[in-house]
Amino acid sequence: MGQTIRFGVSLDSDLLEKFDKLCEEKSYQTRSEAIRDLIRNTLVQKEWEDAEGELAGTLSLVYDHHQSDLAQRLTEIQHDAHDLIQCSMHVHLDHHNCLEVLVLRGDAGRIRDLAQRLVATKGVKHGKLGLTTTGHDLA
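As the structure is a prediction and not an experimental result, all values here were calculated from the model. (Residues numbered from 1 in each chain as written. Predicted model: local features only at pLDDT ≥ 70, side-chain atom pairs only at ≥ 80, totals over all residues. Heavy atoms only, no water.)

**Concerning the packing of helix H3 (residues 70–80) against helix H4 (residues 108–119)**
The cut-off we apply is this: Every axis in this analysis is a line fitted to C-alpha atoms, fitted for helices over the stretch in contact. Angles between the N-to-C directions lie between 0 and 180 degrees. Strands here are runs of E lasting at least two residues and helices are runs of H or I lasting at least four, both read from the DSSP assignment and numbered beginning at the N terminus. Roughly parallel here means an angle under 35 degrees, roughly antiparallel means over 145, roughly perpendicular means 65 to 115, and every remaining angle is called oblique. Residues are treated as being in contact if the distance between any of their heavy atoms lies within 4.5 Å. Lys, Arg, Asp and Glu make up the charged group, whereas Ala, Val, Leu, Ile, Met, Phe, Trp, Tyr, Cys and Pro make up the nonpolar group; the residues left over, Gly among them, are polar.
Put simply, H3 and H4 touch, their axes get as near as 10 Å, and they point 170° apart. Classified by the interaxial angle, the pair formed by H3 and H4 is roughly antiparallel. On H4, the residues that touch Leu 74, Ile 77, Gln 78 and Asp 80 of H3 are Leu 114, Arg 117 and Leu 118. Of the residues assigned to the contact of H3 with H4, the class counts are four nonpolar, one polar and two charged.

Right under this line is the structure:
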């Protein structure tokens, strides 16, 4: 971890007031910690955009398990990428709908491809990939 550097930031008073309200709502102890989180989030977003290294993330899928052979097709796609899937959780939302959450880790391009294949599978009602960093390059 590097040394702490202090620097000044100039803001419009209305913007600062909104930022202070946000800090309070999010329970930040100081503006500095909120700014550090904003910077980290921006760096992670940039990492996703560049996405050539190892990333981690979650993929959430909602689907009707009564859809013909859907669960089998989803399982086959997952088995083809078993090295990316760290774990999975299956929840029965109601009589028809299931929620499946996959925790993923690996090459960014492969994670995106896997997510797209699963989300695009006929019968999947909704899918959302949430990427994050492995933390290796963040202070």
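**Focus on the side chain of Glu 100**
Operational definition: Each residue gets one of three labels from its accessible area relative to the maximum for its type: buried under 20%, exposed over 50%, partly exposed in between, using a 1.4 Å probe on protein chains only. Asp and Glu count as negative and Lys and Arg as positive, but His and the ends of the chain are not part of the count. Here a salt bridge means any side-chain nitrogen of Lys or Arg lying within 4 Å of a carboxyl oxygen belonging to Asp or Glu. Pairs of N or O atoms are called polar contacts if they sit within 3.5 Å, as long as, within protein, a hydrogen donor faces a hydrogen acceptor (for residues adjacent in sequence, only side-chain-to-side-chain pairs).
Within the secondary structure, Glu 100 sits in strand S3 (residues 97–107). Here Glu 100 is buried and forms no salt bridge, its nearest opposite-charge partner Arg 73 lying at an N-O distance of 12 Å. Here Tyr 63 takes part through its side chain, which lies 2.9 Å from a polar atom of the side chain of Glu 100. Of note is the side chain of Glu 100, whose polar atom sits 3.0 Å from the side chain of Gln 78.

**Observations concerning helix H1 (residues 13–25)**
Under the convention used in this document: Here, expected helix span is obtained from the residue count minus one, scaled by 1.5 Å.
Here H1 spans 18 Å end to end across 13 residues, near enough to the 18 Å set by a 1.5 Å rise per residue. Of the residues that open H1, the one with a side-chain oxygen 2.9 Å from the backbone nitrogen of Asp 14 is Asp 12. Immediately downstream of H1, the backbone of Ser 27 shows phi near 65°, a positive value.

**Some remarks on the sheet that holds strand S4 (residues 124–132)**
The strands that make up a sheet pair up through hydrogen bonds in the backbone, lying either parallel or antiparallel. Short version of the rule: One bridge is not enough; two strands pair if DSSP finds at least two bridges between them.
Strand order across the open sheet formed by four strands is S2-S3-S1-S4, with antiparallel pairing between neighbours. Because the sheet does not close on itself, it has two edges, and the strands there are strand S2 (85–92) and S4. Taken over all neighbouring pairs, the strand axes of this sheet differ in orientation by 15° on average, direction set aside. Packing against the sheet, H3 makes contact with strand S1 (54–64), S2, S3 and S4, and its axis sits at approximately 170° to S1. Here H4 sits on the sheet in contact with S1, S2, S3 and S4, set at roughly 160° to S3.

**Quick word on the layout of surface pockets**
Counted only if it meets this: Residues are called lining when one of their atoms sits within 4 Å of a cavity or pocket point, these points coming from a 1 Å grid over the protein atoms alone, where a cavity is a set in which a 1.4 Å probe fits but cannot get out and a pocket is an open set with protein on both sides within 12 Å along at least five of seven lines. Grid points are joined across faces, edges and corners, and a volume is the space filled by probe spheres set on the points.
Empty space within the largest pocket amounts to approximately 860 Å³. Broken down by secondary-structure element, the contributors of at least two residues to the lining of the largest pocket are H1 and helix H2 (31–50). Considering each element in turn, the lining of the largest pocket owes the most residues, eight residues, to H2. Residue classes in the lining of the largest pocket are distributed as 13 nonpolar, four polar and five charged.

**Quick word on the side chain of Asn 97**
Of note, Asn 97 is situated in strand S3. A distance of 2.7 Å separates a polar atom in the side chain of Asn 97 from a polar atom in the side chain of Lys 125.

**Side note on the nonpolar core**
Worth spelling out the cut-off: Residue types Ala, Val, Leu, Ile, Met, Phe, Trp, Tyr and Cys, when buried and joined through side-chain atoms within 4.5 Å, form a set referred to as a nonpolar core.
Formed by 20 residues in total, the largest nonpolar core has its most connected members in Leu 59, Leu 104, Leu 114 and Leu 118. Of all the secondary-structure elements, those providing two or more residues to this core are S1, H3, S3, H4 and S4. Top element by residues in this core is H4. It accounts for five residues. Contacts of Leu 114, omitting those with residues within four sequence positions, involve Ile 77, Ala 81, Leu 84, Ile 85 and Leu 104.

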